[in-house]
Amino acid sequence: MQLNTAIPAFEHLITGEVEKWKVFNNSYMDHPFHLHGTQLVITKRVLNGQETSEAFKALRDTFNLKPYKHITFKVKQNNNKIAPVPLPYFRE
């Protein structure tokens, strides 16, 4: 893999706008997922094609992402004083 730092990871974020994100753990290990400066609500979990709605809807900033699991969540960036740290994009 090659690190691509030319693409700003958060240039599309607009303060106050609700976004729907989908993350996927393509490894064999659990991975904690964390957002800075905001909170999220998980709406859906998918593992092996089996979709489940989130039974416990709560604001959180961290969750565990199990191996090969997709998680969909809604997030709203409320604090325009927090500049998101750009995450690296990887390209094969």
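So, here is what we can say about the structure in this document. Computed from a prediction, not measured in an experiment: that's the story for all the values here. (Residues numbered from 1 in each chain as written. Predicted model: local features only at pLDDT ≥ 70, side-chain atom pairs only at ≥ 80, totals over all residues. Heavy atoms only, no water.)

In this structure the tally under the stated criterion is four salt bridges. Two residues, Lys44 and Glu51, come together in a salt bridge whose shortest N-O distance is 3.9 Å. According to the relative accessible area criterion, Lys44 is partly exposed, its value standing at 26%. We note a salt bridge from Glu54 to Arg45, for which the minimum N-O separation is 2.5 Å. Note on accessibility: Glu54 and Arg45 belong to one class, buried. Salt bridges sharing common partners tie together Arg45, Glu54 and Arg60. (Salt bridge = Lys/Arg side-chain N within 4 Å of Asp/Glu carboxyl O. Buried < 20%, exposed > 50% of the residue type's maximum accessible area, 1.4 Å probe, protein only.)

The next thing to look at is the side chain of Asn25. Mapped onto the fold, Asn25 is located in the loop between strand S2 (18–24) and strand S3 (31–34). Classification of Asn25 as buried rests on a relative accessible area of 6%. Excluding residues that lie within four positions of it along the chain, Asn25 makes contacts with Asp30, His31, Leu65, Lys66, Pro67, Tyr68 and Lys69. (Helix = DSSP H or I, 4+ residues; strand = E, 2+ residues; numbered from the N terminus. Contact = heavy atoms within 4.5 Å.)

In this section: unusual backbone geometry. Residues other than glycine seldom take positive phi values, yet Asn48 does so here, at roughly 55°. Of note, Asn48 is situated in the loop between strand S4 (40–47) and strand S5 (50–53).

By themselves, these are just geometric observations and shouldn't be taken as functional.
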